[in-house]
Amino acid sequence: MDDISFVKEVLADKSKTVIAQTAPSVRVTVCEEFGSEPSSEETGRVVAALRKLGFDNVFDTDFGADVTVVEESAELVRRLREGGALPVFTSCCPGWTRFCVKAFPELNEHLSGVKSPQQIVGALTKTYFAEKTGKKAGEIFVVGVMPCYSKKLESREEETEIPGAKQDVDFILTTKDFAKLIKQEGIDYHSLEPDSFDELLGTASGASTLFAGTGGVMESVVRAAYYELMGGKELLPFVEDRRPGYGGTKEFTIEVGLEKPLRVAVVNGYDEARKMCERVLKEKKEGGRTIDFIEVLACRGGCVGGPGQPGNDPQQVAKRAFGLRDLDAENTRVRNAHQNPDVKKLYREFLGETGGEKAHKLLHRKGTQEILETLK
Ligand code: SF4
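Residues numbered from 1 in each chain as written. Predicted model: local features only at pLDDT ≥ 70, side-chain atom pairs only at ≥ 80, totals over all residues. Heavy atoms only, no water.

**A short note on the site of the ligand**
Here comes step 1: In the vicinity of the ligand, the contacting residues are Cys93, Pro94, Pro147, Cys148, Ser150, Lys151, Ala298, Cys299, Cys303 and Gly306.
Here comes step 2: Of the residues that constitute the shell around the ligand, the class distribution is 7 nonpolar, 2 polar and 1 charged. (Near = heavy atom within 4 Å. Nonpolar A, V, L, I, M, F, W, Y, C, P; charged D, E, K, R; others polar.)

Rendered as structure tokens:
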């Protein structure tokens with residue numbers, strides 16, 4: 001049975017609460033399967049399509065991106081202040097983390113331990129949302145609508161610490177799967193009235209949407225780390241373009257009030273990731289370091305160019321990335337993850353301290369061993 005059939009089956013099971021979460025890149029691209037150009041204005045129609053398909057709740061994976069940023073920036077600041085494996089590599093792209101674990105096991109301690117936004121929304125749905133709504137984790141079924149197949153592997157391979165749950169996320173539909181399901185169910189996509197995400201795990205910052213394009217994770221994490229290191233001062237949006245575009249690497253520095261400026265790299269594509277790993281490994285052996293924080297996204301252009309998207313022509317991928325920039329700029333209510341009132345509420349009411357025991361249990365990966373086991 002394929003993933004679409006599994007999702008149809010669980011949607012028909014009325015004993016389950018079936019929840020969808022959707023990644024930012026999917027929202028600007030699914031309309032391409034219905035003959036439209038990629039656009040930031042499609043989010044409401046995507047939510048409406050998921051409700052029409054029968055999902056009980058629709059959450060925003062961007063909320064998980066904000067939580068990832070809060071945890072990952074805290075991890076970076078802690079390592080900068082107190083010591084620890086540096087540089088830190090981001091861990092939100094399962095294509096990249098699996099490549100790193102397999103090809104460069106000596107660098108595993110440099111991978112951030114924070115789960116990806118998809119896994120975080122799944123874990124919070126089966127704990128925080130479950131507690132708020134009086135449901136059991138085992139009664140909840142989470143479906144991610146995502147840009148790639150690596151997300152399917154990630155959801156199956158990574159262990160959960162939630163009693164009664166088999167996985168944080170149960171099934172993944174790629175953008176193409178999602179469009180196919182809409183067509184199979186006879187839904188007229190263009191006639192859907194735009195709808196909004198459900199609250200609780202539905203309010204996200206503008207920065208979180210940047211996760212789907214190359215350079216976005218770095219920009220989000222650096223905004224939050226800067227705020228912490230500079231005693232509550234906000235970093236102004238970058239003026240110059242610090243994204244490597246369709247494959248490549250960009251490096252730059254930012255003054256953050258420490259002895260040395262923060263040295264950052266944005267790496268896009270497997271070839272560039274390999275080169276960066278070889279460089280970090282060489283510096284590690286020689287006892288030196290020229291970078292502190294490194295974002296890696298495996299697909300050229302980032303998730304907007306993922307293999308589950310409707311094609312990955314470079315010009316089309318660039319148009320999608322502009323759509324995401326619009327989503328960031330349009331979200332004037334909350335621009336940065338650390339300002340998100342719902343994320344603050346989550347920590348206040350449920351998780352406790354950033355990087356604390358509960359946050360660690362639910363939001364951090366157990367280790368790379370489980371990934372290595374599945375790659376054998
Ligand atoms: S960059 Fe590619 S492999 Fe990585 S999460 Fe995005 S779509 Fe998936």
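**Quick look at the sheet that holds strand S4 (residues 140–146)**
Here comes step 1: Ordered in space as S2-S1-S4-S5, the 4 strands form an open sheet in which the pairing is parallel. On the outer flanks of this sheet lie strand S2 (57–60) and strand S5 (171–174), each paired with one strand and no other. Neighbour to neighbour, the strand axes of the sheet diverge by 25 degrees on average, direction disregarded.
Here comes step 2: Where S4 meets S5, 4 bridges bridge the pair, whose relative direction is parallel. (Pairing = 2+ DSSP bridges. Helix = DSSP H or I, 4+ residues; strand = E, 2+ residues; numbered from the N terminus. Axes fitted to C-alpha atoms, helices over the stretch in contact; angles between N-to-C directions.)

**Some thoughts on the packing of aromatic side chains**
Here comes step 1: Counting across every chain of the model gives 9 aromatic pairs.
Here comes step 2: With a centroid separation of 5.1 Å and 50 degrees between ring planes, the pair formed by phenylalanine 89 and tryptophan 96 is classed as tilted.
Here comes step 3: Tryptophan 96 sits in the buried class, given a relative accessible area of 1%.
Here comes step 4: With a centroid separation of 5.6 Å and 65 degrees between ring planes, the pair formed by phenylalanine 99 and tyrosine 270 is classed as edge-to-face. Highlighted residues: phenylalanine 99 in helix H5 (residues 94–103) and tyrosine 270 in helix H11 (residues 270–286), separated in sequence by 171 residues. (Phe/Tyr/Trp six-rings, centres within 6.5 Å; stacked < 30°, edge-to-face > 60°. Buried < 20%, exposed > 50% of the residue type's maximum accessible area, 1.4 Å probe, protein only.)

**Structural notes on the side chain of serine 155**
Here comes step 1: Here serine 155 lies in helix H7 (residues 150–157).
Here comes step 2: Exposure remark for serine 155: the relative accessible area of 1% places this residue in the buried category.
Here comes step 3: In terms of polar contacts, serine 155 uses its side chain to reach the backbone carbonyl oxygen of lysine 152, at 2.8 Å. (Polar contact = N/O pair within 3.5 Å; in protein donor to acceptor, adjacent residues only side chain to side chain.)

**Topic: the pairing of S2**
Strand residues, when the strand is regular, have side chains that alternate between the two faces of the sheet.
Here comes step 1: With burial as the criterion, each face of S2 is covered, one bearing Asn57 and Phe59 and the other bearing Val58 and Asp60.
Here comes step 2: In this structure, strand S1 (residues 17–22) lies alongside S2, joined through 4 bridges in parallel fashion. Considered in S2, the bridge of alanine 20 is made with valine 58.

**Quick word on the sheet that holds strand S6 (residues 248–254)**
In any sheet, the strands associate via hydrogen bonds between backbone groups, in a parallel or an antiparallel arrangement.
Here comes step 1: Taken in spatial order, the 4 strands make up an open sheet running S3-S8-S7-S6, and their pairing is mixed. Each edge of the sheet is formed by a strand with only one pairing partner; in this case those strands are strand S3 (88–89) and S6.
Here comes step 2: The pairing of strand S7 (residues 262–268) with strand S8 (residues 293–297) spans 5 bridges and is classified as parallel. From the neighbouring strand, alanine 265 faces S8, where its bridge partner is isoleucine 294.
Here comes step 3: Most of the contacts of helix H10 (residues 216–229) go to S8, to which it runs at about 150 degrees, and overall it touches S6, S7 and S8. (Contact = heavy atoms within 4.5 Å.)

**Some points on the pattern of salt bridges**
Here comes step 1: Considering all chains together, one arrives at 27 salt bridges under this definition.
Here comes step 2: For arginine 263, the salt bridge is made with aspartate 292, and the minimal N-O distance between the two is 3.1 Å. Of this pair, arginine 263 sits in strand S7 while aspartate 292 sits in the loop between H11 and S8, placing them 29 residues apart in sequence. By the burial criterion, arginine 263 is buried, and aspartate 292 matches it.
Here comes step 3: In this structure, lysine 275 engages glutamate 272 in a salt bridge whose closest nitrogen and oxygen atoms are separated by 3.1 Å. Taken together, the residues lysine 275 and glutamate 272, both in helix H11 and 3 residues apart, mark about one turn of the helix.
Here comes step 4: Here the residues in one salt-bridge network are Asp3, Lys152, Arg156 and Asp177, joined through shared partners. (Salt bridge = Lys/Arg side-chain N within 4 Å of Asp/Glu carboxyl O.)

**Let's talk about helix H13 (residues 341–351)**
Here comes step 1: For H13, every residue scored as buried is listed here: Asp342, Val343, Leu346, Tyr347, Phe350 and Leu351. Projected down its long axis, H13 carries its buried residues within an arc of 145 degrees, all on one side.
Here comes step 2: On its buried face, H13 sits against helix H4 (61–82), helix H6 (117–133) and helix H14 (357–363).
Here comes step 3: Its side-chain oxygen 2.9 Å from the backbone nitrogen of aspartate 342, asparagine 340 forms the N-cap of H13.
Here comes step 4: Positive backbone phi, approximately 85 degrees, marks glycine 352, located one or two places after H13. (Arc of directions from axis to C-beta.)

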